[in-house]
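The primary structure of each chain is shown beneath.
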Amino acid sequence: MIRTRFAPSPTGFLHLGGARTALFAWAYARRHRGTFILRIEDTDVARSTPEAVQAILDAMAWLGLDCDEGPFYQMQRMDRYRAVVADMLERGLAYRCYLPPAELDALRAAQTARGEKPRYDGRWRPERAAGLVPPPGILPVIRFRNPLEGSVAWDDRVKGRIEISNGELDDLVIARPDGTPTYNFCVVVDDLDMRITHVVRGDDHVNNTPRQINIIRALGADPPVYAHLPTVLGEDGQKLSKRHGAVSVMQYEEMGYLPEAMLNFLARLGWAHGDAEIFSRDELVEWFDLDAISPSPARFDTAKLAWVNQEQMKRLPGDELGRRLVAYLQRAGLDPAAGPDPGAAAALLRDRVSTLVEMADAARYFYATPHPDAQAVAAQVGAANRPALAELAAEFETLAWTREAILAAVKAAAARHGLKPGQVMMPLRLLVCGMLQTPAIDAVLALLGRQATLSRLGAALAP
Ligand code: GLU
């Protein structure tokens, strides 16, 4: 049974890289009908906030990354970590180190001065500490007794085989002088207790992995499979950060992206299935595999996200897209009940916009009376076409209100006055919609309705 987890530190919103990690861990579990676990790594009490936890939960809910177990909170598992530390001390897997912090600093400084890697020298390891007397007033840290010989290796599902000599690793502090467990240690205990089979996480954790594997083995367990995901880069090739603008997943919700699109787009940040670019959640789950993740960094591409969103909007049934549009109309200060069915408006506009925010803006004239700019009106409506427009408005009172009839009437009015159809259509757009860029005017008027069309035309053409 596959068990994966997403283990965010709640120190801020869920950013794109984190969301991609969550997505891959989730997709792998779903693909194998396994279990996806959410673990909140909130031991950095100074930086963790309940708001950040909520932001992560909200973003995961929006993306539809549902978890089967959790959220578990590390701060609620302190007793468990302390018990494992005590057990490791008892079994000689860990030991108390009384080296005063100032001496450790001096040791490191001397090593650095000699051009060596700064590291603890193991002087309090039980086999070396015989005869050493703990200095008074020093509370010890607890260190893991890392193997001295050999190496630690794993076959990373993304990066391939990685091997680190134990000589490179010093004895990791697993508990601080006040007894609180350290980050790497909590991760190990959790991954074991939660029976995690596959650790999917950012490659900023590659350095922690050999230490974690050593502790897992010391505890008599087999390490999980690791898949370390390469960084997500911004468009400029730099590590994605706040400088790149929106990096919180929920900001994309605000900007009018569909969760389907975000999921699709995030999945393509480093993962591919043949040349599939547009796919559904179900397809992703069916196709997802860790081996298809690229070891090179993925690059964020705004234009691509917009395209994916547009394609996903095309895939949604009109009434569903309409339901999504409602919230964005309201946020734009529009009353969805004051105009046509949002599903019909969405169907008409979906090919012309790439976000729901743009769609709500483009749909504005359906839900609120526009106020065309007087200069623009003067430029569009003049002696040449005013009579045709007035006749058309009169005809509209009794016309069968269909696209076909409207289009025929518009063309006929233009022809009668020796005008090109555009010379009637453009002013109609301006007077009824307040703008010149709209879908086909017959479709717009048919949807807007006779009443609204007549009142807008009447107001504009009144002598
Ligand atoms: N809490 C860590 C982070 O947010 C993840 C640790 C892990 O996945 O092992 O980067």
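Going along each chain's sequence as written, the residues are numbered from 1 onward. Since the coordinates come from a predicted model, pLDDT governs what is reported: local features require at least 70, and pairs of side-chain atoms require 80 or more to be given and counted, while whole-chain, interface and lining totals use all residues. Calculated side-chain values reflect all of the structure's heavy atoms, with hydrogen atoms and water omitted.

Engineer: Looking at this structure, how should I read the site of the ligand?
Structural biologist: The rule for a residue being near a molecule or strand is that one of its heavy atoms must lie within 4 Å of it. Taken together, Arg5, Ala7, Pro8, Ser9, Glu41, Tyr183, Val187, Arg201 and His205 make up the full set of residues adjacent to the ligand. Polar contact criterion, stated in full: a pair of N or O atoms within 3.5 Å, where within protein one must be able to donate a hydrogen and the other to accept it, and residues adjacent in sequence count only if both atoms are side-chain atoms. At a separation of 2.6 Å, an oxygen atom of the ligand approaches a polar side-chain atom of Arg5. The side chain of Glu41 places a nitrogen or oxygen atom 2.5 Å from a nitrogen atom of the ligand. Only the protein chains shown count as cover for residues, and the accessible areas themselves come from Shrake-Rupley with a 1.4 Å probe. Bound to the protein, the ligand loses 82% of the 300 Å² it would expose on its own.

Engineer: How do you make sense of the sheet that holds strand S4 (residues 94-97) when you look at a structure like this?
Structural biologist: Whether parallel or antiparallel, the strands of a sheet pair through hydrogen bonds between backbone atoms. Strands sit in the order S4-S5-S8 across an open sheet of 3 strands; the sheet is antiparallel. Edge positions in the sheet fall to S4 and strand S8 (173-175), since each of these pairs with one other strand and no more. Averaged over all pairs of adjacent strands, the angle between strand axes in this sheet comes to 45°, irrespective of strand direction. Strand pairing is defined by DSSP finding a minimum of two bridges between the two strands. Helix numbering and strand numbering both begin at the N terminus, where a helix is a DSSP run of H or I of at least 4 residues and a strand a DSSP run of E of at least 2. Note that strand S5 (residues 141-144) and S8 share 2 bridges and pair antiparallel. Axes, fitted as lines to C-alpha atoms, cover a helix only where it is in contact. Angles between the N-to-C directions of the axes lie from 0 to 180 degrees.

Engineer: What is the right way to read the nonpolar core from this model?
Structural biologist: The tendency in soluble globular proteins is for nonpolar side chains to be buried as a group. Residues belong to one nonpolar core when they are buried, are Ala, Val, Leu, Ile, Met, Phe, Trp, Tyr or Cys, and are joined through side-chain atoms within 4.5 Å. Residue exposure (1.4 Å probe, protein chains only): buried if accessible area is under 20% of the type maximum, exposed if over 50%, otherwise partly exposed. With 104 residues, the main nonpolar core has Phe396 and Leu428 as its most contacted residues. At 10 residues, helix H1 (residues 16-31) tops the list of elements feeding residues into this core. In contact with Phe396, not counting residues within four places along its chain, are Trp401, Ile406, Ala409, Val410, Leu428, Leu445, Arg450, Thr453, Leu454 and Leu457. Pairs of residues are marked as contacts when any of their non-hydrogen atoms sit within 4.5 Å.

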